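Spelled out, the chains give:
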Amino acid sequence: MRSKTLTIFIDSKPGKVYSFVANLKNMPKWAKTFCRSIKKVNNDWVIETVQGPIKMRIAPVNDFRVLDHYVTVPGAELFIPMRVVPNGTGSEVIFTIFQQPGMKDKQFANDIGLVKKDLATLKKVLEG
């Protein structure tokens, strides 16, 4: 699959950035183009999106600041790699998007734009 990896510098310590993103209750604060709301239903996280509700899980809390997401859409589970790495006194957030089979180039480009916007919001919230 074609992919695009986006990065953004956040002037905040890696542990703080990681803890904020790892707490899925914070997702509506920064992933505004994707997540309208999120709630825990039994053992699943359910995100309300423009397209309707979807299930999501995230990598277990870890010392490596890996924030990989797994989003369940009809017929598939999508893998979305995400990391927080130290960059000087701040953090670099790394997010990879894959062009899913059957996804048109225009939709892939649109998704990249939405993720860029969400990462900019994350930066604003954490540097705020």
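Look a little higher up for the structure.
Since we're looking at a predicted model, the values are computed, not measured.

A. Broad picture of the overall build of the protein chain. Scanning the protein chain from N- to C-terminus turns up three helices and eight strands. Seen in sequence order, the protein chain has helices and strands lined up from the N terminus as β-α-α-β-β-β-β-β-β-β-α. Expected size for 128 residues packed as a compact globule is a radius of gyration near 14 Å; at 14 Å, the protein chain falls within 12% of this value. Dimensions of the protein chain, computed from C-alpha atoms along their principal axes, come out at roughly 40 × 35 × 25 Å. Classification of the 128 residues of the protein chain by burial places 42% in the buried group.

B. Fine view of the pattern of salt bridges. Applying the stated rule across the entire model yields five salt bridges. Put simply, Asp105 and Arg2 hold a salt bridge, and the shortest N to O gap is 3.1 Å. Here Arg2 lies in the segment before strand E1 (3-10) and Asp105 lies in helix H3 (residues 105-127), a separation of 103 residues in the sequence. With a closest N to O distance of 3.1 Å, Arg57 and Glu77 form a salt bridge.

C. Structural detail: the sheet that holds strand E7 (residues 82-87). Strand order in the open sheet formed by three strands is E1-E8-E7, and the pairing between neighbours is antiparallel. For this open sheet the edge positions go to E1 and E7, each flanked by a neighbour on one side alone. Mean inter-strand twist for the sheet, computed between neighbouring axes without regard to direction, equals 20°. Across eight bridges, the pairing between E1 and strand E8 (residues 90-98) is antiparallel.

Thresholds, definitions, all that
Along each chain, residue indices are assigned from 1 in the same order as the chain's sequence is written. Totals for whole chains, interfaces and linings use every residue, but because this is a predicted model, local features are given only for residues with pLDDT of at least 70 and side-chain atom pairs only at 80 or more, for both listing and counting. Only heavy atoms go into the side-chain values, all of them from the structure, while hydrogens and water stay out. Secondary structure follows DSSP: runs of H or I at least 4 residues long count as helices, runs of E at least 2 residues long count as strands, and numbering of each begins at the N terminus. Our radius of gyration looks at C-alpha atoms and nothing else; its globule reference is 2.2 Å times the residue count to the power 0.38. A 1.4 Å probe rolled over the protein chains alone gives each residue an accessible area, and that area as a share of the maximum for its type sets the label: buried under 20%, exposed over 50%, partly exposed in between. Salt bridges are counted wherever a side-chain nitrogen of Lys or Arg sits within 4 Å of a carboxyl oxygen of Asp or Glu. Note: two strands are recorded as paired if DSSP finds a minimum of 2 bridges between them. Angular values range over 0 to 180 degrees, each being the angle between N-to-C directions of two axes fitted as lines to C-alpha atoms, with helices fitted over their stretch in contact.

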